[in-house]
Amino acid sequence: MKIALINPPSLKVHGQRSRGFCGFPLGLGYIASYVRARGHEVRIFDPEPSRTPLELMWREVEAFGPGLTGLTSVTPNFMLAKSMAAEAKRRLNCPVIMGGPHANALPRSTLEGITGLDAVILGEGELPVLAIAEALSREGKVDFSRIPGAAFIADGQYRETARSELIQDLDSLPTPARDLVDIHLYDKDTPSSVVRKSVMLISSRGCPSQCTFCANITMGRRFRAHSPEYVVNEMAGLVRDYDIKHFQIVDDCFTADPARAAEICDRIVAARLGVTWFAAARVNTIRDEKLVLKMKRAGCLYVGMGIETGSQHINDLMKKGTTLEMAEQSCALLRKHGIGYINSFIIGNEGDTEETVLATIAFAKKLKPSTAIFNMLIPYPGTPLFEKYYKDYDRPDTNWDYWCSDGLNRPYSPRQTTLTMKRIISLRRRAYRSFYGNPLQLLRTLAFGFRV
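Residues numbered from 1 in each chain as written. Predicted model: local features only at pLDDT ≥ 70, side-chain atom pairs only at ≥ 80, totals over all residues. Heavy atoms only, no water.

(A) Representation of the sheet that holds strand β4 (residues 41–45) in the model. Read across the open sheet, the 7 strands follow the order β4-β1-β5-β6-β7-β8-β9; overall the sheet is mixed. The open sheet terminates on both sides in strands that have one partner only, identified here as β4 and β9 (157–160). The mean angle between the axes of side-by-side strands here comes to 20°, regardless of whether they run parallel or antiparallel. In this structure, strand β7 (residues 119–121) lies alongside strand β8 (residues 150–154), joined through 2 bridges in antiparallel fashion. Within the sheet, the bridge partner assigned to Val120 lies in β8 and is Ala151. Contacting β1 (2–6), β5 (68–72) and β6 (96–99), helix α4 (residues 78–92) runs over the sheet at an angle of about 160° to β6. (Pairing = 2+ DSSP bridges. Helix = DSSP H or I, 4+ residues; strand = E, 2+ residues; numbered from the N terminus. Axes fitted to C-alpha atoms, helices over the stretch in contact; angles between N-to-C directions. Contact = heavy atoms within 4.5 Å.)

Here is the structure:
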């Protein structure tokens, strides 16, 4: 079976390509390597890194001649993914499926809004895509009622099948099929100021946290991890085959299991890989000085931490499961041992007021991070906040183009706070001015940029 996996361009506005970070599509990479290991032929089509025009991409897909086409989707690019799914059906006349966070969050309206879309794949994609490919190979057709984790419409009725159990033994999965793309299109495109060759890898799936703004629904809430041996072997292979020396570890929380994180660090040092890396962490998992020292020795340049707010009341409303004191302790520990840390904050949280936002700005300055990022809250589909305040947008005709924009053209007014969108934008600007207007902080940020 020939399978085409398509990663629609990341768009901030429909029809305009994003100039932001463009990373290798790890989800498609894992699916590709998994089904390829079972004898199927797979290609990944990712037009954005090479700036390939969509018409040229479609000609390449048609020349490949797939018997199954899959697309992924996130909210910012969903409207393009939607049109591309319909175009795939028109051009290729084969089963077309869609996965990814947005389709997982709103499977019914996704199916009802896309002509020709055969199914939405719920949860992890490896097992369902293989089951579809095997059915097509055997019978020339697929009965989605027999596919695990499939949402589809039959006889005018929306239906879902039970999902497969989450994959527990992640080491049973082959590493992502990076050989199906030109890895050098990605190796310098990082979300940091790191200028060396860099690629993303993921060492675990799932996050046990319950944050109300997080749409972590595809991988689930249960933490599952590759073994330290698997992770370091994958790093070593990328060093050997592509001369990669920096890694963006894009786990939800790399340090969710501190003992495992420590062993990965020990193995990096023992293997003498000579690499540097970034990882995301939660403040309640960066409290052991021994772990921080191991991370430093293993080449950790900086850590990303979502602090979100300077108000414990808002923190509790968000169900972060952390305290402001934990944030202070973890930042102090990283600063003591020379590991940079990027703190992100959210303005416009549920319950936010002028006073709580000002407290957030003050707290950001108190923590003295290498860099601070102030985001405006986006109620992504699939989050508890969306379910609570914006569920009425779950319709086939909703235009999602500006849902994740930074400006006043968002198609909704804030419902989770009494602050207006205009005021949220104003407070965000104030946060940046206040934070980076401090000469000491500006020097701290510049020194960090030169170091990495």
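Here the narrative resumes, following the displayed structure.
(B) Seen up close, a nonpolar patch on the surface. Together, Leu440, Leu442, Leu443 and Leu446 make up a nonpolar patch on the protein surface, roughly 400 Å² of accessible area in all. Following the sequence through the fold, Leu442 ends up in helix α16 (residues 439–451). The exposure class assigned to Leu442 is partly exposed, which follows from its relative accessible area of 38%. (Patch = residues over 30% accessible without salt bridge, like charges linked within 9 Å, V, L, I, M, F, W, Y side chains within 5 Å. Areas by Shrake-Rupley, 256 points an atom, 1.4 Å probe, with all protein chains shown as cover. Salt bridge = Lys/Arg side-chain N within 4 Å of Asp/Glu carboxyl O. Buried < 20%, exposed > 50% of the residue type's maximum accessible area, 1.4 Å probe, protein only.)

(C) Expanded view of α4. Its 15 residues place the ends of α4 20 Å apart at the C-alpha level, agreeing with the 21 Å of an ideal helix rising 1.5 Å per residue. α4 sits mainly inside the fold: 11 of its 15 residues count as buried. All buried positions along α4 are accounted for by Phe78, Met79, Leu80, Ala81, Lys82, Met84, Ala85, Glu87, Ala88, Arg91 and Leu92. (Expected span 1.5 Å × (residues − 1).)

(D) Region of the structure containing the pairing of strand β14 (residues 276–281). Of all 6 residues making up β14, 6 are buried, and the element is well covered by its neighbours. Going residue by residue along β14, you find Thr276, Phe278 and Ala280 tucked away on one face and Trp277, Ala279 and Ala281 tucked away on the opposite face as well. Judged from the 4 bridges that link them, strand β13 (residues 246–249) and β14 form a sheet pairing that is parallel. Directly across from Phe247, in β14, lies its bridge partner Trp277. In this fold, the crossover linking β13 to β14 by way of helix α9 (residues 258–271) has right-handed handedness. (Right-handed = clockwise from strand over helix to strand, strands pointing away.)

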